[in-house]
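Topology and contacts: notes
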Amino acid sequence: MLAVLALGVLPARALEPADLPESPDTVAFNVKNNGKSVPVTLRQLEKLGLYRVTTPSPFEKGQLTFEGVLFRDVLKLVGLEGEDSVVLRAVDEYVQIIPREDWTEGPLLLATRQNGKLLTRRTQGPTRLVYPLNDHPAFDTPIHKPRWVWLIKTLEPGG
């Protein structure tokens, strides 16, 4: 972690390591690729290592604290790290294309928890994509705001 911080990839104040109780085997979302659909569980995700970020949301008031995994690590886990973009589809069929520059220019967080509690459907989970706006103000734009996807159902290559 210190080596990564020294390289400037993860600013220390933007994301900090978090240590929380182990998550259940709840399906977080499905990865669709090459005609197959593979479930990914919260436990699989959180074994990648949890981080915490406090940031404003474009859709909620105040500073919010989220815990989760780095989106780029998720893409590596599911074999999509080489894609130019990925598609996130929510339970309500809301769809956003997330371009590679987003996960390479800043540490996007795939949140699994808020304030230490697992996200549920009631709290826009079990996963939601979070952009750390305090430390990466370049993400605070009308183009990026719709990319805060919650209630994620599927993740797939952007084509």
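Check the entry above for the structure.
Now for a quick tour of the structure.

1. Some remarks on the overall build of the protein
Counting its secondary structure elements, the protein contains four helices and 11 strands. Relative to its full complement of 159 residues, the protein shows a buried share of 46%. Put simply, 62% of the contacts in the protein that link residues at least 6 apart link residues at least 24 apart. Accessible surface for the protein amounts to roughly 8,100 Å². Of this, 53% is attributable to carbon and sulfur atoms.

2. So, the environment of Glu 67
Here Glu 67 is to be found in strand 5 (residues 63–70). Note on Glu 67: relative accessible area 2%, which makes it buried. Between the C-alpha atoms of Glu 67 and Leu 110, which are 43 residues apart in sequence, the distance is 8.2 Å.

3. Structural notes on the nonpolar core
Phe 29, Phe 71, Ile 98, Leu 110 and Leu 155 are the most contacted members of the largest nonpolar core, which has 39 residues in total. Counting residues per element, this core draws most heavily on strand 5, at four residues. Beyond its immediate chain neighbours, meaning those up to four positions away, Ile 98 contacts Phe 71, Ser 85, Val 86, Leu 88, Trp 103, Leu 108, Leu 129, Tyr 131 and Arg 147.

4. What to know about the sheet that holds strand 3 (residues 36–41)
Strand order in the open sheet formed by five strands is 3-2-11-6-7, with mixed pairing between adjacent strands. In this open sheet, the two edge strands, each paired with only one partner strand, are strand 3 and strand 7 (95–99). Across this sheet, the average inter-strand angle for adjacent strands is 25°, counted without regard to direction. Of the strand pairs in this sheet, strand 2 (residues 27–33) and strand 11 (residues 152–157) are connected by two bridges, and their pairing is parallel. Along strand 11, the bridge assignment pairs Asn 30 with Thr 154.

5. A short note on the pairing of strand 3
Across six bridges, the pairing between strand 2 and strand 3 is antiparallel. By the bridge assignment, Asn 30 is partnered in strand 3 with Pro 39.

6. Quick look at the pattern of salt bridges
By the definition in use, this model includes eight salt bridges. For Arg 89, the salt bridge is made with Glu 93, and the minimal N-O distance between the two is 3.6 Å.

7. Structural notes on the environment of Val 31
In this structure, Val 31 sits in strand 2. With relative accessibility at 7%, the residue Val 31 sits in the buried group. The sequence separation of Val 31 and Leu 75 amounts to 44 residues, and the corresponding C-alpha distance is 9.9 Å. In this structure, Val 31 is in contact with Lys 36, Ser 37, Val 38, Val 40, Val 78, Leu 80 and Leu 155, ignoring residues within four places of it in sequence.

8. Here's the deal with unusual backbone geometry
Residue Pro 126 is bonded to the preceding Gly 125 through a cis peptide linkage, with omega at 20°. Within the element layout of this structure, Pro 126 appears in the loop between strand 9 (117–118) and strand 10 (128–130). You will see that Glu 93, though not glycine, has its phi angle at about 70°, which is positive. One can find Glu 93 in the loop between strand 6 (85–90) and strand 7. For Glu 93, a relative accessible area of 43% translates into the label partly exposed. Positive phi, close to 55°, is recorded for Leu 151, a residue that is not glycine. Relative to the assigned elements, Leu 151 resides in the loop between strand 10 and strand 11.

Rules behind the numbers
The numbers attached to residues start from 1 for each chain and follow its sequence in the written order. The predicted nature of this model means local features are confined to residues of pLDDT at least 70 and side-chain atom pairs, given and counted, to a pLDDT of 80 or more, with totals for whole chains, interfaces and linings taken over all residues. Derived side-chain values reflect all non-hydrogen atoms in the structure, with water molecules and hydrogen atoms excluded from consideration. Segments assigned H or I by DSSP are reported as helices when at least four residues long, segments assigned E as strands when at least two residues long, and all are numbered from the N terminus. Accessibility here uses a 1.4 Å probe with only protein chains present; expressed as a share of the type maximum, an area under 20% marks a residue as buried, one over 50% as exposed, and anything in between as partly exposed. Whether two residues touch is decided by their heavy atoms; if any such pair falls within 4.5 Å, the residues are in contact. Using a 1.4 Å probe, accessible areas were evaluated by the Shrake-Rupley method; residue-level cover was limited to the displayed protein chains. Throughout, nonpolar core names a set of buried Ala, Val, Leu, Ile, Met, Phe, Trp, Tyr and Cys residues whose side chains join them through atoms within 4.5 Å. At least two DSSP bridges between two strands are needed for those strands to be called paired. Only the stretch in contact is used when a helix axis is fitted, and all axes are lines through C-alpha atoms; the angle between N-to-C directions ranges over 0 to 180 degrees. Any Lys or Arg side-chain nitrogen found within 4 Å of a carboxyl oxygen on Asp or Glu counts as a salt bridge.

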